[in-house]
Structure formats: structure tokens, C-alpha cells
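Chain by chain, the residues:
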Amino acid sequence: MSVIKVGGVEKFSAVDFPEKLTAVVFMQGCPWKCPFCHNAAIRDLSKENDFSWELWMDFLRSRVGKLDAVTFSGGEPLMQDCLADAIIEVKDLGYEIGLHTGGYHPKHLEKVLPLVDWVGLDIKAPFEVEHYQKIVGVNHLAKVEESLDLLLQSKVDFECRTTCDPRFLSTKDLFEIAKSLKAKGVKKYFLQKYRPIESDKITTDSDCENIFSDNELIEYCKNNFEKFDIRR
């Protein structure tokens with residue numbers, strides 16, 4: 001297997017795979033520069049580190065029967081060609097597999113979809129090229145839409161979610177996202193509260209909460225998705 005680059009791990013989480021106790025692997029590397037990212041330190045795939053995949057596998061062996069799943073997060077896991085091999089190695093221990101992705105690499109997603117049990121797809125903005133590019137830094141909207149189509153066509157359980165950074169998204173924008181996802185056939189959608197990154201000295205907690213104050217938006221989402229919630 002090619003060298004796996006991991007930027008960090010979380011040995012226990014109850015929030016990174018629905019209704020499962022999971023360990024989380026933060027795969028190094030991301031092609032995007034989302035301004036609300038809390039994992040920007042692992043964005044550079046070429047950056048060297050001393051993480052030992054072998055020691056991590058030893059830990060996972062010790063937790064068989066105590067943890068339900070392992071979630072591959074990031075960064076962007078689909079950047080690394082060895083992802084499928086890593087998933088197989090973990091899956092062979094009996095764990096369920098979760099995947100967090102922004103949908104950056106649909107061809108790679110298609111390859112690993114048969115190996116995963118659940119996917120969390122981050123939707124960054126309304127499906128409009130300039131707005132999406134403003135947030136992620138590059139014109140990759142077509143890749144996101146292709147990835148979403150793959151998930152809709154698959155039998156894999158998945159959800160879509162949006163981090164609601166009030167600096168870049170308005171209530172109107174969230175409405176547009178929700179309506180687009182509903183039209184495409186998405187069943188599960190979640191809004192995630194933005195927690196200001198260290199460099200953001202302006203955005204207040206009230207700013208982050210106020211984006212959820214539109215009752216029409218909340219009622220629309222409750223009435224049009226099988227599962228919807230605000231994650232604070």
C-alpha cells in the first residue's frame with residue numbers, strides 16, 4: 001500500500017458517524033481553502049509528519065468490539081490514492097466505515113463507495129459557480145454535483161450538511177441550498193453552526209446563531225427532509 005498521510009486522529013467520537021461510536025482519521029491534504037476550516041494545518045499534502053499508520057492499526061485492533069466504526073475525515077480523504085487500501089485494511093477488522101468529503105474527486109468517490117457504510121457530504125454554498133468558488137477557492141462545483149449524483153444513485157446511507165458561516169452565507173443562500181437538495185432527492189440535510197476560527201476576530205456567537213432565526217427556512221427544512229436538524 002502507498003504511504004498514508006494522516007494529519008491527526010480522534011480515538012473516540014459520538015458525533016462523526018450517526019448513532020455509532022467511531023474513531024476518526026483526519027487524512028492529510030485538501031485542494032480547497034474554505035475560510036471557516038478548523039483543520040487548515042493539515043491542508044498541505046506534501047507536509048511531512050511522523051504519524052505511524054501501523055501504530056494506529058494496533059490501536060484499532062485493541063478497540064475491536066468497543067468501537068463500532070472508523071470515519072475517514074480530513075482535509076479531503078479523496079485526495080489520497082491509497083484511501084481504498086486503507087479502508088479495506090480497517091474494514092477487515094470488522095469496523096463499519098464512515099467518510100467525510102466535500103465531493104472533490106467523484107471518480108475516486110465512485111471507487112470507494114462500495115467500501116463505505118455512510119457518507120457525510122459537505123455542501124459549501126448554493127449551486128452557483130461564482131459563489132462556490134468564492135468559498136472553496138477553485139471552480140469545482142461540477143465535481144461536487146457529480147459526487148452528489150453518485151451518492152443519490154448508490155445504496156449508501158448519506159447526509160448533506162452546510163456549515164453556516166454568516167460571513168459568506170445568508171438565510172437566502174441556505175434556502176437556495178435546501179431547495180436544490182430537495183429537488184435532487186436528498187433525504188437528510190443538516191445545518192451546522194459556524195464556530196469562529198482563530199483568525200476571525202469579528203464574528204460573534206450571536207452572528208452565528210442569528211442565521212438560524214428564520215422560521216420559514218427551518219420549517220421548510222423540517223417539512224421537506226426526512227431528517228433535518230441544526231447542529232450547534
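It should be emphasised that the depicted structure is a prediction, and the values quoted were computed from it without experimental measurement. (Residues numbered from 1 in each chain as written. Predicted model: local features only at pLDDT ≥ 70, side-chain atom pairs only at ≥ 80, totals over all residues. Heavy atoms only, no water.)

**Notes on the overall build of the protein**
In terms of regular secondary structure, the protein is built from eight helices and eight strands. Expected size for 232 residues packed as a compact globule is a radius of gyration near 17 Å; at 17 Å, the protein falls within 12% of this value. Dimensions along the principal axes, computed over C-alpha positions, put the protein at roughly 50 × 40 × 30 Å. Every one of the 232 residues in the protein was classed for burial, and the buried ones make up 50%. The contacts in the protein between residues at least 6 apart in sequence include a share of 70% that link residues at least 24 apart. When the accessible surface of the protein is totalled, it reaches about 11300 Å², and 48% of it is carbon and sulfur. Taking the 31 positively charged and 38 negatively charged side chains of the protein as two groups, their mean positions are separated by 1 Å. (Helix = DSSP H or I, 4+ residues; strand = E, 2+ residues; numbered from the N terminus. Rg over C-alpha atoms; globule rule 2.2 N^0.38 Å. Buried < 20%, exposed > 50% of the residue type's maximum accessible area, 1.4 Å probe, protein only. Contact = heavy atoms within 4.5 Å. Areas by Shrake-Rupley, 256 points an atom, 1.4 Å probe, with all protein chains shown as cover. Lys, Arg positive; Asp, Glu negative; His and termini not counted. Charge placed at Lys NZ, Arg CZ, Asp CG, Glu CD.)

**Quick word on helix α8 (residues 215-224)**
Three or more residues of α8 are buried, namely L217, I218, Y220 and C221. The buried residues of α8 occupy an angular sector of 160° when projected down its axis, which confines them to one face. For α8, exposure combined with an orientation more than 90 degrees from the buried face picks out N215, E216 and N223. Where α8 is buried, its residues touch α6 (171-184), β7 (188-193) and β8 (227-231). Measuring from the side-chain oxygen of the N-cap residue of α8 to the backbone nitrogen of E216 gives 2.9 Å; that N-cap residue is D214. (Arc of directions from axis to C-beta. Polar contact = N/O pair within 3.5 Å; in protein donor to acceptor, adjacent residues only side chain to side chain.)

**Describing the sheet that holds strand β2 (residues 22-27)**
Pairing is mixed across the open sheet formed by eight strands, whose spatial order is β1-β2-β3-β4-β5-β6-β7-β8. Both outer strands of the open sheet, β1 (6-13) and β8, are each paired with one neighbouring strand and no more. Geometrically, the sheet is characterised by an average inter-axis angle of 20° between neighbouring strands, direction not taken into account. Two strands pair when backbone bridges link them, and β7 and β8 are joined in this way by five bridges, in the parallel orientation. Counterpart to L191 in the pairing with β8 is I230. (Pairing = 2+ DSSP bridges. Axes fitted to C-alpha atoms, helices over the stretch in contact; angles between N-to-C directions.)

**Thoughts on the packing of aromatic side chains**
Tallied over the full model, the rule gives four aromatic pairs. Between the aromatic rings of F17 and W118, the centroid separation amounts to 5.4 Å while the plane-to-plane angle is 35°, which identifies the pairing as tilted. Placement of the pair is F17 in the loop between β1 and β2 and W118 in strand β5 (residues 118-122), with a sequence separation of 101 residues. The two residues F17 and W118 agree in class, both being buried. Here the guanidinium or amino end of R231 rests over the ring plane of F190, the centre of that ring lying 3.8 Å away. (Phe/Tyr/Trp six-rings, centres within 6.5 Å; stacked < 30°, edge-to-face > 60°. Lys NZ or Arg CZ within 6 Å of the ring centre and 35° of its normal.)

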